[in-house]
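Per-entry structural report
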Amino acid sequence: MRRPHPVPPRAFEELISEHLDSLYRTALRLVGGGVADAEDLLQDAVLRAFEHFSQLRNQGAGRSWLFAILVRTNLNRVRAASRRPEQLTADLTDRAFEEALAAWTPNITPGEFLDRTESAERIVKALDDLNPDLRAAVVLTDIEGFSQREAAQMLEVPEGTIASRIFRGRRDLRQALTEDAPALKARRRK
Amino acid sequence: MNSECGRARRELWPDNGPRSVTPQVVEAQRHVAGCASCAEFFEGMRRLSDDVRRSASRTVAPLEVRDRLFKAISRARTQTGARVRPNAALVGAGASAAILLLIFGIKAFSGDNPSAPRSLIPVLVEEHARARGEAGIRSSNPSEIARWLNGRLSFAMQVPVFAEASLRGARVVEVEKRRSALIEYGLGNDLVSYFVVAGYARARTPSAPSLVETVWDGYHVVSWTEPGLLHAFVGNVSESKLRLLARKCIEQAGTMKVAFSGP
């Protein structure tokens, strides 16, 4: 019988320590910015990972493994809550995605009219206000740098769906951030 | 801007990663090369993605979150024990621990040779396992570490130096409500923690400290006492290496005065 892969006693703690900041950051965004909820989610996910750590064969894949557990733990929580008020109406078909892409008009980006600090705060706030499904796609790819394929696996949706969610997430972000751009510009000129 | 733009943008969607050069991709690339609107679209996507990444990637986990999380892991480790890592080496380690406890237990926990109480070993191991990335002082300078510790402890101490192990830093830890010193050493690729805990073994102590070896949760622990203080080395290294460090530490005690000044 094949023996399970031996795991050094501190390997799990080291793995968590290495990725703790990004796991916490992602938990915070997944729950929409609530610090207590984020810590709760993080702890739940990390303890689940601890239980299954001996199943992680490739230590090099530890980061995406941890994130997959975090994301799925969050999905389970959201599904368990079941009466989530903000359901994504529907993912786009290829045709609808193409139409949305074609309708994108060049516009200023947040970085062009907000100063660094203001920009960071407002982007994080706008991110937290996004639809949770769109937010998860943007967080995993734009912030944590996972590929679209990895994000699709974590969120258990097709790659094409992730593509349209990323696009819609960015589009909604830009809309939220540029709605009051003229007022912000005027304020900065004063 | 038309349906061709939408098709080209979907075909060349920037987050898709490497793609095969299909006729559709070639056609989309040809379209984008001649379409200012599509070029702006891709540039806009890139800038927006950069803005989001720059803004939201600054958050770090607060220390108290880190602390609570590692304590939860330690509790889970204690509760699940070998079930979490059911491999032969650790089963062997567990058996060794049981044998060692049988051999050394009576000696270790009797009044003749007061040492770490049974409850203390898991605490030391837990603190050792949490060592990485914790707040404290990161330094390889023994004087600097000693100064840092002496400003935070109720007993004075100097920091032992070993040729075999490199000094990494130190922190102050609570061990059963006693502020204690934890000094970290690198031993090859492993981390070894040296604890000095006040308030133990103030009873009769042998003139020559005797070392007590224990294994807990896969970690080796070598401890000894002197009036008022408990010393322990903890690490995932062989007990012979820990014993060597412990002996050198005791040897250095002649010049390294550890004066106890109260519980």
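Scroll up to find the structure.
The text that follows walks through the structure, step by step, so that each part is easy to find.

Conventions we followed
- Residues numbered from 1 in each chain as written.
- Chains lettered and ligands numbered in written order.
- Predicted model: local features only at pLDDT ≥ 70, side-chain atom pairs only at ≥ 80, totals over all residues.
- Helix = DSSP H or I, 4+ residues; strand = E, 2+ residues; numbered from the N terminus.
- Contact = placed C-beta atoms within 7 Å.
- Axes fitted to C-alpha atoms, helices over the stretch in contact; angles between N-to-C directions.
- Left-handed = near helix turned anticlockwise from the far one by under 90°.
- Nonpolar A, V, L, I, M, F, W, Y, C, P; charged D, E, K, R; others polar.
- Pairing = 2+ DSSP bridges.
- Buried ≥ 20, exposed ≤ 12 C-beta atoms within 10 Å, placed from the backbone.

This part covers the overall build of chain A. Helix and strand content of chain A: 10 helices and zero strands. Ordering the α and β elements of chain A from the N terminus gives α-α-α-α-α-α-α-α-α-α. Relative to all contacts within chain A whose residues are 6 or more apart in sequence, the contacts with residues 24 or more apart total 69%.

A few words now on the packing of helix α1 (residues 3-11) of chain B against helix α3 (residues 36-56) of chain B. All names here are of chain B. Axis separation between α1 and α3 bottoms out at 10 Å; the angle between their running directions is 35 degrees. Handedness of the α1/α3 crossing: right-handed. Listed contacts from α3 to Cys-5, Ala-8 and Arg-9 of α1 are Ser-37, Cys-38 and Phe-41. Considering only residue class, the contact of α1 with α3 consists of four nonpolar, one polar and one charged.

Attention shifts here to the packing of helix α1 (residues 11-30) of chain A against helix α2 (residues 35-51) of chain A. Residue and element names in this part refer to chain A. For the pair α1 and α2, the least separation of the axes is 9 Å and the interaxial angle reads 145 degrees. Here the hand of the crossing between α1 and α2 comes out right-handed. Here Phe-12, Ile-16, Leu-23, Tyr-24, Ala-27, Leu-28 and Leu-30 of α1 come into contact with α2, specifically with Ala-38, Leu-41, Leu-42, Val-46 and Phe-50. Looking at the contact of α1 with α2 residue by residue, the class counts come to 12 nonpolar, no polar and no charged.

Now for the sheet that holds strand β6 (residues 219-226) of chain B. All names here are of chain B. Spatial strand order, β1-β2-β3-β4-β7-β6-β5: seven strands in an open sheet with antiparallel pairing. The sheet is open, and its two borders are formed by β1 (137-138) and β5 (212-216), each paired with just one other strand. Pairing of β5 with β6, which is carried by five bridges, proceeds in the antiparallel orientation. Paired with Val-212 across the bridge in β6 is Ser-223. Sitting on the sheet, helix α7 (residues 142-150) is in contact with β1, β2 (166-175) and β3 (178-187), with an inclination near 10 degrees to β2.

For the rest of this paragraph, the subject is unusual backbone geometry. Residue and element names in this part refer to chain A. Positive phi, normally seen in glycine, also occurs at Glu-156, with a value near 60 degrees. When you line up the elements, Glu-156 lands in the loop between α8 (148-155) and α9 (159-178). On the neighbour-count criterion, Glu-156 (11 C-beta atoms within 10 Å) is exposed.

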